[in-house]
Amino acid sequence: IAGTVLTLALCAAASARAQMPESYRQTQMAALEIDRRLALAMADSMQERYYREKATPTQRDFAQQVAHAAGAVPMIAAMALAGPRPSLPDTGTIHTRAGLRAFVNAAYDYGANLLRTQTAADREASTQLFGATMPKWQVWDELHQHTIWTLGQVVANFRAHGSPPPAFLFF
């Protein structure tokens, strides 16, 4: 799946105006679930007493960073894809394992539902995402890329405590 996601994402970026086959939706669903699993693995692997720690003074704390990665899915999807307003748990609850897991799951449930119900015609329509025009199907690839980038930043939080981050999901 990882190779397929990467190959199709690269093709998507190179030909953003090309029509994407409907079967690509399943690849994007798989990527969304990989992102959910990674965010949950991060939440489960970090000792809860370190959820409020920052690896550097200017970054978000661990729980905020994981919530930011997950929360971008409903925020950006609602904005760029004209989805319904998301209803997520209060971010004041993310500094507990249960609270962070609930937030992550709610964010990815929203994204999965929106992706599953997005019509083929809507996927081909254009949208604006932070000043770039792209077909709406491509927004899902951008969200996947953002999630991987953002979650990768918390590896420093694990290293600061001599702990390994969760295992790479594909091995």
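Residue positions are counted from 1 within each chain, in the order its sequence is given. The predicted origin of the model limits local features to residues at a pLDDT of at least 70 and limits the giving and counting of side-chain atom pairs to 80 or more, whereas totals for whole chains, interfaces and linings rest on all residues. Heavy atoms throughout the structure, all of them, feed into the side-chain values; hydrogens and water do not.

Enquirer: Break down the pattern of salt bridges for me, citing the residues and quoting the values.
Expert: For this analysis, a salt bridge means a side-chain nitrogen from Lys or Arg found within 4 Å of a carboxyl oxygen belonging to Asp or Glu. What the rule picks out here adds up to 5 salt bridges. Across the pair Glu 22 and Arg 25 runs a salt bridge, and its minimum N-O distance is 2.6 Å. Relative accessible area serves as the criterion here: at 42%, Glu 22 is assigned to the partly exposed category. For every residue, the accessible area obtained with a 1.4 Å probe (protein chains only) is divided by the maximum for its type, and the residue is called buried under 20%, exposed over 50%, and partly exposed between those limits.

Enquirer: Explain helix α6 (residues 136-152) to me, using residue names and the numbers behind them.
Expert: Going along the chain from the N terminus, every DSSP run of H or I of four or more residues is numbered as a helix, and every run of E of two or more is numbered as a strand. Expected span of a helix, by definition, is 1.5 Å for each gap between consecutive residues, and there is one gap fewer than residues. Taking 1.5 Å as the rise per residue, α6 with 17 residues should run 24 Å; its terminal C-alpha atoms sit 25 Å apart, in good agreement. Taken as a whole, α6 has its buried residues at Lys 136, Trp 137, Gln 138, Val 139, Trp 140, Asp 141, Leu 143, His 144, Thr 147, Thr 150 and Leu 151.

Enquirer: Provide a residue-level description of the packing of aromatic side chains, including the pertinent values.
Expert: By convention here, two paired aromatic rings are described through the distance between centres and the angle between planes. Each aromatic pair joins two rings of Phe, Tyr and Trp (for Trp, the six-membered one) with centres within 6.5 Å, and gets the label stacked for planes under 30 degrees apart, edge-to-face for over 60, and tilted for any other angle. Considering all chains together, one arrives at 3 aromatic pairs under this definition. Between Tyr 51 and Phe 62, the aromatic rings sit 5.3 Å apart at their centres with planes inclined by 45°, giving tilted as the arrangement. Placement of the pair is Tyr 51 in the loop between α2 (24-45) and α3 (62-80) and Phe 62 in helix α3, with a sequence separation of 11 residues. Neither Tyr 51 nor Phe 62 differs from the other in exposure class; each is buried. With centroids separated by 5.7 Å and ring planes inclined at 90°, the aromatic side chains of Phe 62 and Phe 158 adopt a geometry described as edge-to-face. Note that Phe 62 is positioned in helix α3 and Phe 158 in helix α7 (residues 155-160), a separation of 96 residues in sequence. Using a relative accessible area of 0% as the deciding quantity, one classes Phe 62 as buried. An aromatic cluster is present here, built from Tyr 51, Phe 62 and Phe 158 joined pairwise through their rings.

Enquirer: Lay out helix α4 (residues 97-117) with the relevant residues and their values.
Expert: Helix length check: α4 (21 residues) gives 30 Å between terminal C-alpha atoms against 30 Å at 1.5 Å per residue, within 8%. Taken together, the buried positions of α4 are occupied by Gly 99, Leu 100, Phe 103, Val 104, Ala 106, Ala 107, Tyr 108, Tyr 110, Gly 111, Ala 112, Leu 114 and Leu 115. We call two residues in contact when some of their heavy atoms are within 4.5 Å. On its buried face, α4 sits against α2, α3, α5 (120-124) and α6.

Treat this as a map of the structure, not an account of what it does.
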